[in-house]
Each structure stands twice: as structure tokens, then as C-alpha cells.
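# Geometric and topological summary
What follows is the residue order along each chain.
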Amino acid sequence: MLIIPSAIPVEIELECGNCGYKQPFGNPPYICEKCGHDWMEARYDYERISRLWPDILKQRPFTMWRYRELLPIRNDKYQITMGEGGTALLRANNLSMMLGAQNLFIKDERQNPTNSFKDRQAALAISMLKEAGITELVVASTGNVAISYSAYSTHAGIKLWTFLPSLVPPEKMREIAIYGSEVIKVTATYDETKKVAARYAKHKGITVDRGIRDIGTRESMKTLAFEVAEQLAAELGPPQPGIPWRTPDWFIQAVSGGMGPIGFFKGYEELYRMGLVDRLPKLALIQAAGCAPMVQSFHKDLPKAEPVENPNTRVITIATGAPGPAYEYLYKVVKQHGGTFESATDEETFRALHILAKMEGLSIEPAAATAFAGLFKLLTKGIIKRHEVVVINCSGHTFPVEKFLLDEDWLKVVPASVAETAPPPMAHAKESPPSRLMGALEKLDERVRRIAIVEDNPEAARLLRRILQTRGDFQIVEAHTGKEGLTLIENTQPDLVLLDLMMPDMDGFAVIDHLKNNPRLKDTPVIVITAKELTAQEKRRLQGQIQILLQKGSFMDDELLHGINALLENDKGEE
Ligand SMILES: *Cc1c(COP(=O)(O)O)cnc(C)c1O
Ligand SMILES: [Zn+2]
């Protein structure tokens, strides 16, 4: 059974974010009875829960409801769950090697029932609406909330009216429709769409989702923090004696409404208060450059956001021009606890999307890729240090990949006329020509250029191989010592050599000397990829002998590929 009942009677208070007034936890909308403010924080019996948790958590499954005592529903019978949460925390091995970072972790929120972290929000918010007796709801969304709410509403008997800006991909709109929700496409920005939805709700007397102002949305995202704290402790060990769980140095997310990071931070504040972790994380909040009100406002040091009227980005999921109270909250958190706001262009985002798919096997949506593009920039700028523990919210919904993300030639077509041709009858056996089908299939694999990798570290060799494989048109040969490498180069005569410097038996310098003394091999272009800081003398030694020098852990895949392609082109021209 997925329902996890509370181990203690539910006692929750609401505290006003403006005046601090405390009132009992009642029904929505949650408004301060004293000052009318609409941002209320749920407070729990932390002391009692911290005493209970060590024992009860041992017996509970790894889903978001394992933290039931810190989630605000009164009666367990209203819990709606589809097994959300409890997603894997993946170590980003290839990415770490490429970037020279040691502790990159991906919280794979695609593993939720509708493939985005909005399922945490939907599970709790829809449960709370069910408990409050609500049967119809209006929601404005850039896609993922509408999909998630639609799925969960099926279990709550709630009719959903979804309002979406017209740029939301049609695949997402169709998914919302298939769950039986009403789909209303508004030819406007997301901010305007929200207003249309609110007006409609008011006119019809239907409850409208209040987004970040709703307690359930923020509270649900705390479970991301709880899970990460437990998972990091399992991966890296507890931070110190007596402190069981672990805090990352950074939590990175692409933000629009700010629900994820705000909930995540509150989750860590609660764990800290309960003595389960020893510190709070820094937040890195990434926005699309064409719609980055938070980033721009932070750089101007404004405590309230200046909205962006006309978002200009293809990353629709996070195209929120007016971030409202979320920004004010995040501004304070970043000011007090460190952290940063950063933007990424669409181009940087799509590049990151390809890297994640090709290097880590994760097909993610553009909004999730924006977080990774931000990570790359913050590492390059030195704002995130290479040894720091980083958790990235990989909250993507992998829907059918949109066309513009791929090159023209991503699809290889074998014509039916060829595919249907039967192999030639025995009469032709003399020549035994390959069938036309095989001929056509052969053509699919035109790997004419040969590249030799000479690298003694198998992990580094694998990464280089992977980078070359993703482009498909190189034949790769590989050796793991200098001597083997030299033999391999002599035997296979590659078009280009990727060479490590520090290797047992014969180092890279010696390999280069041998190549230069061999008339057949002396013109083979060499790219040196080294982890070693070169001395001035070593640099002189390489001068004129090699074409490109790259430092391990500080180049991206396409820099290497550009270098390779430029050298191969060059080489062609000379022939
Ligand atoms: C909702 C969403 C975001 C933005 O989340 P907020 O925390 O509300 O700013 C980012 N990426 C994806 C994939 C999302 O679905
Ligand atoms: Zn108040």
C-alpha cells in the first residue's frame, strides 16, 4: 500500500509571512486572519517529529510520503499518490569528468509518474483540495503542471480547466486532453494567460490554483530536500558524528515560479532545525536569457522583480515574465545564505540538452537543460568550485523531441524498394553480391575518418570515445600505453591522434618524438589532452609538434569536435 499514515496526530499551525501571526491550519484559501497577507507558512511539531523519525523512517518505502509528518493534510484518507518522489540521485560521471568537477549529482525527477517534479506538487495539492471538498479547479500552466494536475485529478474526482499559452507544444496539450481535462489555448504570454484563467475562475465561481501562494505547492517541494539529504548521506557518508544527513553545497534549478527552490530551501531549514543536517544549501537559480526577470532584478539589486513583458525564448516551460513573491523570497535567501542567479541563452540550453542525452543517457526537456547550461557557466566562472557537492534538479518531461532540436539529417531512410527486394537467388551465387538492402545499410555507416586515442586512464578514454561516437562518422582505435599507442598508430595510420602525456612505459612526449621521426607519420595531426600543468620547458617541447593542447576537465565536447573537424578539413585541403 502506498498510503503512509501519520505516526502522530496532525498538529499544524500557519504562520503569517508578513506579520508572524499564528493561526490553526484550516481550509483554503490560506490568508492571515490578522493582516490579510496571502503567504502563510506551515509549522509542525519539529521536536517530536525529530525524535520519531529515526525509527519510523527505517520502515517506510522511499516515496515522498515517507515524510508524511511534515506534509500538511489532516486526514490520511485524502492522500492521493501514484508513487511520486523517491527518484534516483544519479552521479553524473561523464559530465563530471568533462567538467573536472568531482561531485555532480542529478536528481532525476523524470522518474515521476508524469515525468516531471510537478507530480510532487500535484500529489499534495490535489490531496489538499480533495480534503477541502473541492471538485472543480482552474489552473494556468506552461504545460507540466497541467499535465500533472490532470493525471492526479483523475483520482480525486476533480474537473480541471487548464489554460495554456499558445506556445506550449501541441504534444503537451494533447497529453492534457487525453486525461479528460479541458484545454484552453490562450494566444498570449503565460502571465496574461494566468490573468485570463483567474478571470474565468472568478466568473464561474470555480477555485483557481494559487501557485506559489498555495501552501501545498511549496510544502510538497520540501520532499526533494529530504530525499536529497538522505541520498547524499548514503553516497558520501554523514557530514560529522551525530549529524545523520547531508547538505549539498549547491542546489541548481531552472526557475520560473520558484516553487522548487523555495520548497527545497524550506525543507533544509526544517532539517536543520531538527538537527538532521549541519547547514543550509546555496541556491543557483537559472533562467532563460530571453525571459530572466529574476536574474536581471538581482543584478540590479532590486528586492522586488521588474517583470519582463515580452518573453523571447523557446524554453516555454520557464517563460514566466512576472515572478511575483517568489523572487522576493529567493532574493532574501540568496542575500542571506549565498547563492546566485544566472541566465542561459537558448543556444546554450540546447547544447546542454544534447550533452545530457549523449553523455549521461538522459533525454530531458529544454527547461531542465537550462539548469545544466547554468551549471556549465557557473563552473567556468568559478562561482561553483570544482570540488563542491552540486545537486541539479533534472525536472524534465521527456515528451516527443521537438523537431527544431535535431539537425536535418538525424533520420536515416532506407527506401522501401530496396528493403523489400529479396536476396538474389542462387543463380547469382558466383558473384555473391551483397543484397541491395545490405548495400543500402552499408551506406548508413560511412565512417571514413580514423582517430586514434592513446590514453592510459580507461575512464578518460571512454569519455573521449563517447564524445566521438555521438557524431557517428569516426572510426575509433584505442591504445592504453605509449608503446601500444605507437604500434597502433604505425599499423592503422589514423587521420588524427588524441594523445595523453602522462603514461607508463612511454610518455606522450616520447610518442611525439617517434612520430616526428617517421616520414610516414610525421604529418599526422596530434591533439594533446593532459591533466598535467605543463612547465614552460614542456610547452616549448610541444611547440610546432602538436596542433591543439587541451586541459582535462576544462573543455566541452564541442570544443574538441570543432578542433578535430578543423584539423581534418585542413588536412583534406592539402591533399
Ligand atoms: C516547473 C518547471 C520548472 C520551474 O519550476 P519552479 O520551481 O516553479 O520555478 C523548471 N523546469 C521544469 C521542467 C518544470 O516543469
Ligand atoms: Zn499577517
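As a starting point, this report considers the structure included with it. (Residues numbered from 1 in each chain as written. Chains lettered and ligands numbered in written order. Predicted model: local features only at pLDDT ≥ 70, side-chain atom pairs only at ≥ 80, totals over all residues. Heavy atoms only, no water.)

### A look at the sheet that holds strand E14 (residues 449-454)
Paired through backbone hydrogen bonds, the strands of a sheet run either parallel or antiparallel to each other. The cut-off we apply is this: Note on pairing: DSSP must find at least two bridges between two strands before they are called paired. Numbering of helices and strands starts at the N terminus; helices are DSSP runs of H or I of at least 4 residues and strands are runs of E of at least 2. To obtain an axis, a line is fitted to C-alpha atoms, over the contacting stretch when the element is a helix, and the angle between two such axes runs from 0 to 180 degrees between their N-to-C directions.
The 5 strands are arranged E15-E14-E16-E17-E18 in an open sheet whose pairing can be described as parallel. Both outer strands of the open sheet, strand E15 (474-479) and strand E18 (548-551), are each paired with one neighbouring strand and no more. Strand-to-strand twist across the sheet, computed as the mean angle between neighbouring axes with direction ignored, equals 20°. Here E14 runs beside strand E16 (residues 496-499); their pairing, made up of 4 bridges, is parallel. Bridging from a neighbouring strand, Ile-451 pairs with Leu-496 of E16.

### Side note on the coordination of the zinc ion (ligand 2)
Geometry reference: four tetrahedral donors at a metal, ideal angle 109.5 degrees. Six octahedral donors, ideal angles 90 or 180 degrees. We count it as follows: The rule for donors is simple: N, O or S, within 2.8 Å of the metal, or within 3.2 Å if the metal is Na, K or Ca. Water isn't counted, so a site may look like it is missing partners. By the criteria applied here, four donors are tetrahedral when all angles lie between 85 and 135 degrees, four are square planar and six octahedral when opposite donors are over 155 degrees apart and every other angle lies between 65 and 115, and any other arrangement is irregular. Here the term buried applies to any residue with accessible area under 20% of the maximum for its type, exposed to any over 50%, and partly exposed to those in between, with areas from a 1.4 Å probe on protein chains only.
Donor atoms from the polypeptide that bind the zinc ion (ligand 2) are Cys-16 (SG), Cys-19 (SG), Cys-32 (SG) and Cys-35 (SG), placed at 2.3 Å. Each of the 4 donor atoms bound to the zinc ion (ligand 2) contributes to angles spanning 106 to 117°, and the resulting shape is tetrahedral. We note that the donor set of the zinc ion (ligand 2) lies within a single chain, spaced as C-x2-C-x12-C-x2-C. A residue pair is termed long-range when its members are at least 10 positions apart, and Cys-16 in strand E1 (residues 13-16) and Cys-32 in the loop between strand E2 (22-24) and strand E3 (40-43) qualify at 16 residues. Take Cys-32: its relative accessible area is 3%, and that puts it in the buried class.

### Here we look at the site of ligand 1
Here is the rule we go by: Nearness here has a simple test: a residue counts as near a molecule or strand if at least one of its heavy atoms is within 4 Å of that partner. Contacts described as polar in this section are N or O atom pairs within 3.5 Å, which, within protein, must combine one atom able to donate a hydrogen with one able to accept it, while residues neighboring in sequence count only if both atoms come from side chains. Only the protein chains shown count as cover for residues, and the accessible areas themselves come from Shrake-Rupley with a 1.4 Å probe.
Near ligand 1 there are 17 residues, and of these Lys-118, Ser-256, Gly-258, Gly-260 and Ser-395 occur at the shortest range. Asn-144 has a polar side-chain atom sitting 2.8 Å from an oxygen atom of ligand 1. A distance of 2.6 Å is found between an oxygen atom of ligand 1 and a backbone nitrogen or oxygen belonging to Gly-260. Protein contact buries 97% of the 390 Å² of open area that ligand 1 shows by itself. Of all elements in the fold, only strand E10 (250-254) and helix H8 (259-273) reach the threshold of two or more residues within the shell around ligand 1. Here the shell around ligand 1 gets 3 residues from one element, more than from any other, and that element is H8.

### Topic: unusual backbone geometry
Note: most residues except glycine have negative phi, and most peptide bonds are trans. For the bond running from Pro-28 to Pro-29, omega is 0°, close enough to zero to count as cis. Relative to the elements of secondary structure, Pro-29 occurs in the loop between E2 and E3. Phi at Asp-301 is positive, roughly 60°, even though this residue is not glycine. Positionally, Asp-301 belongs in the loop between helix H9 (293-299) and helix H10 (325-337). Of the residues examined, Asp-301 reaches a relative accessible area of 40% and is grouped as partly exposed. With a phi angle near 60°, Asp-505 is a residue other than glycine that sits in the positive phi range. Relative to the assigned elements, Asp-505 resides in the loop between E16 and helix H17 (508-516).

### Some words on the pairing of strand E6 (residues 136-140)
Using the following cut-off: Classification remark: right-handed applies to a crossover when, strands pointing away from the viewer, the course from the first strand over the helix to the second runs clockwise.
Extensive coverage of E6 is indicated by the burial of 4 of its 5 residues. The pairing of E6 with strand E7 (residues 159-165) spans 5 bridges and is parallel. The residue of E7 that forms the bridge with Leu-137 is Leu-160. Each parallel crossover has a hand, and for E6 linked through helix H4 (residues 144-156) to E7 it is right-handed. One ladder, built from 2 bridges, connects E6 with strand E9 (residues 207-208); its direction is parallel. Looking at E9, one finds that Val-138 is bridged to Val-208.

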